[in-house]
Amino acid sequence: MDYVRLLPQGKILQEWWQEVKENFWQEDAKPKVLELVKELMRSTLEEDLQLYTQAQRQEQIEQYKLYRNGYYRRTLVTQFGYVNDLQVPRLRSGGFKTRVFKRYHRFENIVEDLILDIFLAGVSTRKVGATIAKLLDTKVSAGTVSNITRRLDSKVKECQKKELLDEYQYLFLDGITLKVRYNTKYHNRKVLVAYGITMFGKRELIAFRQARAESYEEWTAFVDDLYKRGLKGDNLKLVITDGSKGLHAALDMVYPLTLRQACWVHKLRNVGSYLPKKYADECYKELSGIYNAKGRVEAIARFKEWRKSWIRRCHKAVECVEKDIDNLLNFYDCPKKHWKKIYTTNVIERQFKEVRRRTNVFSCFSNIASCDRIIYAIFTHINNNWKERTLKDFTQFA
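Keep in mind that this is a model prediction, so the values were computed, not measured. (Residues numbered from 1 in each chain as written. Predicted model: local features only at pLDDT ≥ 70, side-chain atom pairs only at ≥ 80, totals over all residues. Heavy atoms only, no water.)

## So, the pairing of strand β3 (residues 168-182)
Put simply, the test is: Under the scheme applied here, a residue whose accessible area is under 20% of the maximum for its type counts as buried, over 50% as exposed, and between as partly exposed, the area being computed with a 1.4 Å probe on protein chains only. The way it works is that DSSP assigns letters per residue, a run of H or I at least four long becomes a helix, a run of E at least two long becomes a strand, and they are numbered from the N terminus. At least two bridges found by DSSP between two strands are what make those strands a pair.
Of all 15 residues in β3, 11 are buried; the element is thus mostly enclosed. Here 14 bridges tie β3 to strand β4 (residues 185-198), and the two strands are oriented antiparallel to one another. Paired with phenylalanine 172 across the two strands is tyrosine 195, which belongs to β4. Between β3 and β4, which follow one another and run antiparallel, lie 2 residues, and asparagine 183 among them has a positive phi close to 55°. Pairing geometry for β3 and strand β6 (residues 238-241), over 3 bridges, is parallel. Looking across to β6, one finds that phenylalanine 172 is bridged to isoleucine 240.

Given below as structure tokens:
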């Protein structure tokens, strides 16, 4: 008798659920449902043992090794709730495996999948346990959730290796700083992130990677990986960046022919470091006229007026803008209906706010892998929300 083929693991849960639905289907029947589930488990365990011993006898295994050896007790968290004090039969020889659960597992697979789904939906590790408690009337510790979410490690690797379609018209590149513990010390780690908008109006957080710093070497490795995975840049109209020198040097190597847009928000922050407070509001107001102009010609005229007005009062602030003025105005060469979304890296900064919201509950990641898992979970949640919500003004047919 083929024991494995005869007893597929997945179908036993369907059988139980069908049995439950036929007998109980009311809210107040939950205790009875759990009792029924426990009885179904017990009878399934006995059936599994009987079939197992029959199969072993056909293979002429020594008879004494198939003698019963009592029971051991264990608990299991199921989709129906917490099953306590379950009696599991055992043989003198050991080796018996059941369909009901995997060895050493304390959670049914469907419960582990539920925990992962809740985690990927944007719920913090600490709050997943409380959510599960409401659903299944059982507590799940943050440590247990962390152990289960380690299953995401393979998903992270797949995400970082998947092939990319060369259909992006805008590419946003930026980084966020997070604290991560490794080698017994706490370190500031940069998470480099790529966000894109396709020719079909689809938004996507394309890739992320941890780095020691936003250096030329780290950015080159990150951007070159995008290229090798398929983002050749044939359809890129613009790469929007925060102005990092290391990043610009990397782009010179990988996407040298693609126009770049320097983020105006980052530039205004830089200008602010050179402005006395008494001048700040007035200066910012006049600068806003440059990126709110009706086109490049008007923007250049306004910049010249601004420069003439401020060169004597705050020459360093003027020099800060002047050295990047070409890259600050490149968004004017794109369709007008795209301007509001492409003259800054705000679209990616908004996602960083979600990262900080999820990570503010703890001061530091315990290791590099846990940081990757959280970032992957957040980005997966955001990308899933965007799947059916395209930016109509950004489609090639608009």
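## Comments concerning the packing of aromatic side chains
To keep things clear, this is the line we draw: Ring geometry is summarised as follows: Phe, Tyr and Trp rings, the Trp one being its six-membered ring, pair when their centres sit within 6.5 Å, and such pairs are stacked at plane angles under 30 degrees, edge-to-face over 60 and tilted between the two. By the criterion adopted, a ring carries a charge over it if an Arg CZ or a Lys NZ lies within 6 Å of its centre and within 35 degrees of its normal.
Enumeration according to the criterion identifies 14 aromatic pairs in this entry. Note on phenylalanine 172 and tyrosine 195: the rings are 5.2 Å apart at their centroids and 80° apart in plane angle, and the pair reads as edge-to-face. With phenylalanine 172 in strand β3 and tyrosine 195 in strand β4, this residue pair connects regions lying 23 residues apart in the sequence. On the basis of relative accessibility, which here comes to 2%, the residue tyrosine 195 falls in the buried class. If you follow lysine 232 out to its NZ or CZ, it ends over the ring of tyrosine 227, 4.3 Å from the centre. Directly above the aromatic system of tyrosine 279 lies the positively charged group of arginine 313, at a separation of 5.5 Å from the ring centroid.

## Digging into the packing of helix α7 (residues 153-161) against helix α17 (residues 368-386)
This is how the line gets drawn: What counts as an axis is a line fitted to C-alpha atoms, over the stretch in contact for a helix, and the angles between N-to-C directions run from 0 to 180 degrees. Here the word oblique covers every angle except those under 35 degrees (roughly parallel), over 145 (roughly antiparallel) and from 65 to 115 (roughly perpendicular). Two helices cross in a left-handed way if the nearer one is turned anticlockwise from the farther one by less than a right angle. They cross in a right-handed way if the turn is clockwise. By the convention used here, residues are in contact when the closest approach between their heavy atoms is within 4.5 Å. Only Asp, Glu, Lys and Arg are considered charged in this grouping, and only Ala, Val, Leu, Ile, Met, Phe, Trp, Tyr, Cys and Pro are considered nonpolar; every other residue, Gly among them, is considered polar.
For the pair α7 and α17, the least separation of the axes is 10 Å and the interaxial angle reads 70°. By the angle between their directions, the pair α7 and α17 is classed as roughly perpendicular. Crossing of α7 against α17: the hand is left-handed. Across from Asp153, Lys155, Val156, Cys159 and Gln160 in α7, the residues of α17 making contact are Ala369, Asp372, Arg373 and Tyr376. When grouped by side-chain class, the residues that make up the contact of α7 with α17 number 4 nonpolar, 1 polar and 4 charged.

## Points about the pairing of β6
Spelled out, the test is: For the handedness criterion, the strands are oriented away from the viewer, and a crossover whose path from the first strand over the helix to the second runs clockwise is classed as right-handed.
Residue alternation in β6 divides its side chains into two sets, Leu238 and Ile240 and Val239 and Thr241, and both sets are buried. Sheet topology places β6 next to strand β7 (residues 260-262); 3 bridges connect them, and they run parallel. Each residue of the ladder has a partner; that of isoleucine 240, found in β7, is glutamine 261. In the classification by handedness, the crossover that spans β6, the intervening helix α9 (residues 245-254) and the parallel β7 is right-handed.

## Comments concerning the nonpolar core
Note the threshold: Here, the term nonpolar core denotes a set of buried Ala, Val, Leu, Ile, Met, Phe, Trp, Tyr and Cys residues that are joined through side-chain atoms within 4.5 Å.
Judged by nonpolar contacts, the single largest core of 59 residues is most densely connected at Tyr170, Trp264, Leu287, Trp306, Phe331 and Ile342. Per element, the largest residue contribution to this core is 8 residues, and it comes from α17. Among residues more than four places away in sequence, those in contact with phenylalanine 331 are Leu238, Gln261, Trp264, Tyr291, Trp339, Ile342 and Tyr343. Core analysis: the next-biggest nonpolar cluster, separate from the first, contains 21 residues, Leu171, Trp219, Phe222 and Leu251 among them.

## Description of the side chain of aspartate 174
As a reminder, the rule being used: The convention is simple: Lys and Arg are positive, Asp and Glu are negative, and His and the chain ends are not counted. What makes a salt bridge here is a side-chain nitrogen of Lys or Arg within 4 Å of a carboxyl oxygen of Asp or Glu, nothing more.
Note on placement: aspartate 174 falls in strand β3. Despite its burial, aspartate 174 pairs with no opposite charge; the closest candidate is arginine 269, at 6.8 Å N-O.

## With respect to the packing of helix α10 (residues 264-272) against helix α13 (residues 315-322)
Relative to each other, α10 and α13 sit at 160°, their axes nearing to 9 Å. In terms of their interaxial angle, α10 and α13 are classed as roughly antiparallel. Every pair of crossing elements has a handedness; the one defined by α10 and α13 is right-handed. Together, Lys267, Asn270 and Val271 of α10 and Ala317, Cys320 and Val321 of α13 make up the contact between the two elements. Of the residues assigned to the contact of α10 with α13, the class counts are 4 nonpolar, 1 polar and 1 charged.

## Describing the sheet that holds strand β5 (residues 203-211)
In space, the 5 strands of this open sheet follow the order β5-β4-β3-β6-β7, with mixed pairing throughout. Either end of the sheet is taken by a strand with one partner, and the two such strands are β5 and β7. Within this sheet the neighbouring strands show an average axis-to-axis angle of 25°, counted without direction. Sheet topology places β4 next to β5; 8 bridges connect them, and they run antiparallel. Counterpart to valine 193 in the pairing with β5 is phenylalanine 208. Here helix α16 (residues 346-359) sits on the sheet in contact with β3, β4 and β5, set at roughly 25° to β3. Contacts from α17 reach β3, β4 and β5, with the element oriented near 175° to β5.

## Observations concerning the pattern of salt bridges
This model, assessed by the stated rule, comprises 13 salt bridges. Salt-bridge contacts for aspartate 225 lead to arginine 229; the nearest nitrogen and oxygen are separated by 3.2 Å. Accessibility expressed as a relative area gives 9% for arginine 229, which makes it buried. In this structure, aspartate 324 and lysine 267 form a salt bridge, with 2.7 Å as the shortest nitrogen-oxygen distance. Pair noted here: aspartate 324 is in the loop between α13 and α14 (325-328) and lysine 267 is in helix α10, with a separation of 57 residues, a long-range link. With a relative accessible area of 5%, lysine 267 lands in the buried category.

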